[in-house]
Amino acid sequence: MTVIGASLGLVGAATAVLFFFQPWRSCPYEDTSVGCAMLPNDAAVMVIALGVAVVGAGVFTVGRLLSRRSQGVRTS
């Protein structure tokens, strides 16, 4: 469960960062791609990727807590 959570978190975060910097974008009024306006579809993908990263972090945390509990380690 922790591997799935970590994988989801990393993929979601990497996708969100990629869509934030949008290196494929170019526009005539800006020298860098970061200064170009984000298109609505790009924003939707970025929001979904951030959601996946948050869900992945939650799954990772729950997996860690469950594995610690099953090993007999006191959490409180």
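Before reading further, recall that the structure is shown in the block above.
We now turn to the structure provided with this report.

## Details of the state of the cysteines
Right, so step 1: The tally for this structure, following the rule as stated, stands at one disulfide.
Right, so step 2: Across the disulfide, Cys27 is cross-linked to Cys36 (sulfur-sulfur distance 2.0 Å). Because the torsion about its S-S bond is -90 degrees, the bridge between Cys27 and Cys36 counts as left-handed.
Right, so step 3: Overall, the relative accessible area of 14% leaves Cys27 in the buried class.

## Considering helix α1 (residues 2–21)
Right, so step 1: Between the first and last C-alpha of α1 there are 29 Å, a value that for 20 residues agrees with the 28 Å anticipated at 1.5 Å per step.
Right, so step 2: When we look at burial in α1, the residues that qualify are Gly5, Gly9, Gly12, Ala16 and Phe19. Buried residues of α1 fall within an arc of 110 degrees about the axis and therefore sit on the same side. Every exposed residue of α1 that faces more than 90 degrees away from the buried side is listed here: Val3, Leu10 and Val11.
Right, so step 3: Packing partners of the buried residues in α1 comprise α2 (40–70).
Right, so step 4: Directly after α1, the chain includes Gln22, whose backbone phi takes a positive value near 35 degrees.

## Topic: the pattern of salt bridges
Right, so step 1: Applying the stated rule across the entire model yields one salt bridge.
Right, so step 2: Here Asp42 makes a salt bridge to Arg25, at a shortest N to O gap of 2.0 Å. In this pair, Asp42 sits in helix α2 while Arg25 sits in the loop between α1 and α2, placing the two residues 17 residues apart along the sequence. An identical accessibility class is assigned to Asp42 and Arg25; each is buried.

## Focus on α2
Residues lying three or four places apart along an α-helix face the same way, a consequence of the helix completing one turn every 3.6 residues.
Right, so step 1: The terminal C-alpha atoms of α2 lie 45 Å apart, and with 31 residues this matches the ideal 45 Å at 1.5 Å per residue to within 8%.
Right, so step 2: Three or more residues of α2 are buried, namely Asp42, Met46, Ala49, Ala53, Gly56 and Gly63.
Right, so step 3: Elements that come into contact with the buried residues of α2 comprise α1.

## Quick look at a nonpolar patch on the surface
Right, so step 1: Residues Ile4, Leu8, Ile48, Val52 and Val55 make up a contiguous nonpolar surface patch of roughly 430 Å² in combined accessible area.
Right, so step 2: Of all the secondary structure elements, the ones that give two or more residues to the nonpolar patch are α1 and α2.
Right, so step 3: For the nonpolar patch, the element with the most residues is α2, which contributes three residues.
Right, so step 4: Note on placement: Val55 falls in helix α2.

Conventions used here
Starting from 1, residues in each chain are numbered consecutively following that chain's sequence as written. Side-chain atom pairs in this predicted model are given and counted only at pLDDT of 80 or more, local residue features only at pLDDT of at least 70, and totals for whole chains, interfaces and linings cover all residues. Computation of side-chain values: all heavy atoms of the structure, hydrogens and water removed. Disulfides are defined as pairs of cysteine sulfur atoms found within 2.5 Å of each other. For every residue, the accessible area obtained with a 1.4 Å probe (protein chains only) is divided by the maximum for its type, and the residue is called buried under 20%, exposed over 50%, and partly exposed between those limits. Secondary structure elements are defined from DSSP: runs of H or I of at least 4 residues count as helices, runs of E of at least 2 residues count as strands, and each element is numbered from the N terminus. Expected span, for any helix, means 1.5 Å times one less than how many residues it has. Along the arc lie the directions from the helix axis toward the C-beta atoms. Contact criterion: two residues are considered in contact whenever any of their non-hydrogen atoms come within 4.5 Å of each other. Throughout this description, the term salt bridge denotes a Lys or Arg side-chain nitrogen within 4 Å of a carboxyl oxygen of Asp or Glu. Note on patches: the residues involved have over 30% relative accessible area and no salt bridge, like charges join within 9 Å, and the nonpolar side chains Val, Leu, Ile, Met, Phe, Trp and Tyr join within 5 Å. Residue-level accessible areas treat just the shown protein chains as cover; the underlying method is Shrake-Rupley with a 1.4 Å probe.

Taken by themselves, the reported measurements are silent on function.
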